[in-house]
Amino acid sequence: ANDYSYFEAKKKFRPFLAAWNGSQTYLTRSTFKHMGYAAAKSYGITLSTDKTLNQLPVPPARPRGWIIENHFEGLLYAFYSYEAEDVVVIGNEYAHNIDYGIDPHDRSRRLLFAQNTIHGTRNKHGMIGSREVNDSWFINNHVYDNHGSGIMLDRSCMRNVIYGNVV
């Protein structure tokens with residue numbers, strides 16, 4: 001069902017999860033529904049660095065995590081990363097999210113997206129690697145019935161493997 005009834009406006013607050021520099025996030029066998037809104041890093045599920053911390057003489061580690069066998073529905077961005085690394089996203093269902101199902105972003109690297117099902121994204125893409133998402137793998141995902149592209153790689157994405165997906 002394409003139930004967007006919990007989504008009123010992009011700027012209206014909805015709960016979100018944001019994990020920052022040095023974090024290790026583990027989400028498994030859980031359901032996440034109707035999260036995220038259009039404020040910085042508040043999109044839904046976010047793994048991100050903080051630009052001000054990156055300017056320290058010794059910046060903290062990038063955020064990392066495992067997201068395995070979950071259900072995400074009705075999130076503004078069901079997964080978003082900014083300068084994350086070594087993230088594993090396996091066996092999840094991304095159903096009827098608003099803007100993106102999976103959106104690794106700026107300078108995220110060494111990511112694995114495998115055996116996920118992404119469908120019914122309302123406004124944009126099922127999966128997008130955007131702006132220097134490098135050295136990552138998109139393997140055996142099932143991506144369909146999204147408003148925009150099924151799988152898209154944006155500017156300056158290099159050394160990625162896209163294999164065995166059904167789009």
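Residues numbered from 1 in each chain as written. Predicted model: local features only at pLDDT ≥ 70, side-chain atom pairs only at ≥ 80, totals over all residues. Heavy atoms only, no water.

Undergrad: Hey, could you go over the overall build of the protein chain for me, with residue numbers and the actual values?
TA: Within the protein chain one finds 1 helix and 17 strands. Scaling as 2.2 N^0.38, a compact globule of 167 residues should have a C-alpha radius of gyration of about 15 Å, and the protein chain matches this with 15 Å. Considered along the principal axes of its C-alpha atoms, the protein chain spans approximately 50 × 35 × 30 Å. Taking the intrachain contacts of the protein chain between residues at least 6 apart in sequence as the baseline, contacts between residues at least 24 apart amount to 65%. With an accessible surface of roughly 7,900 Å², the protein chain has 52% of that area assigned to carbon and sulfur atoms. With 18 positive and 16 negative side-chain charges, the protein chain shows a separation of 4 Å between the mean positions of the two kinds. (Helix = DSSP H or I, 4+ residues; strand = E, 2+ residues; numbered from the N terminus. Rg over C-alpha atoms; globule rule 2.2 N^0.38 Å. Contact = heavy atoms within 4.5 Å. Areas by Shrake-Rupley, 256 points an atom, 1.4 Å probe, with all protein chains shown as cover. Lys, Arg positive; Asp, Glu negative; His and termini not counted. Charge placed at Lys NZ, Arg CZ, Asp CG, Glu CD.)

Undergrad: Talk me through the environment of tyrosine 144; I want residue IDs and the actual numbers.
TA: Relative to the assigned elements, tyrosine 144 resides in strand β15 (residues 142-144). On the basis of relative accessible area, tyrosine 144 is assigned to the partly exposed category, the value being 36%. Expressed as a C-alpha distance, the spacing of tyrosine 144 and arginine 131, which sit 13 residues apart in the sequence, is 23 Å. Residues in contact with tyrosine 144, not counting those within four places in the same chain, are Thr117, Ile118, His119 and Gly120. (Buried < 20%, exposed > 50% of the residue type's maximum accessible area, 1.4 Å probe, protein only.)

Undergrad: Can you break down the sheet that holds strand β6 (residues 71-73) residue by residue, with the values?
TA: One open sheet accounts for 5 strands, arranged β3-β6-β9-β12-β15; its pairing is parallel. Of all strands in the sheet, those bounded by a partner on one side alone are β3 (31-33) and β15. Pairwise comparison of adjacent strand axes, ignoring direction, gives a mean angle of 5° for this sheet. Here β6 runs beside strand β9 (residues 93-95); their pairing, made up of 3 bridges, is parallel. Residue glutamate 73 lies in a different strand from β9, and its bridge partner there is alanine 95. (Pairing = 2+ DSSP bridges. Axes fitted to C-alpha atoms, helices over the stretch in contact; angles between N-to-C directions.)

Undergrad: Can you break down the pairing of strand β4 (residues 44-48) residue by residue, with the values?
TA: Among the 5 residues of β4, 5 are classified as buried, and the element is accordingly described as predominantly covered. Bridging between strand β1 (residues 17-19) and β4 involves 3 bridges; their strand directions are parallel. Bridging across to β4, alanine 18 finds its partner in threonine 46. For β4 and strand β7 (residues 77-82), the ladder comprises 4 bridges, and the chain directions are parallel. Across the sheet, threonine 46 pairs through a bridge with tyrosine 80, a residue of β7.

Undergrad: Any details on unusual backbone geometry? Residues and values, ideally.
TA: In this model, histidine 34 sits at a positive phi of 55°, which is unusual for a non-glycine residue. Along the chain, histidine 34 falls in the loop between β3 and β4. According to the relative accessible area criterion, histidine 34 is buried, its value standing at 18%. Its identity as a non-glycine residue notwithstanding, glutamate 69 has a phi of 55°, on the positive side.

Undergrad: Would you mind going over the side chain of serine 130 in detail, with residue names and values included?
TA: As for its position among the elements, serine 130 is in the loop between β13 (127-129) and β14 (137-139). Taking relative accessible area as the criterion, serine 130 reaches 3% and is therefore assigned buried. At a separation of 3.4 Å, a polar atom in the side chain of serine 130 contacts the side chain of histidine 105. Apart from the residues lying within four places of it in its own chain, the contact partners of serine 130 are Asp103, Pro104, His105, Asp106, Asp154 and Cys157. (Polar contact = N/O pair within 3.5 Å; in protein donor to acceptor, adjacent residues only side chain to side chain.)

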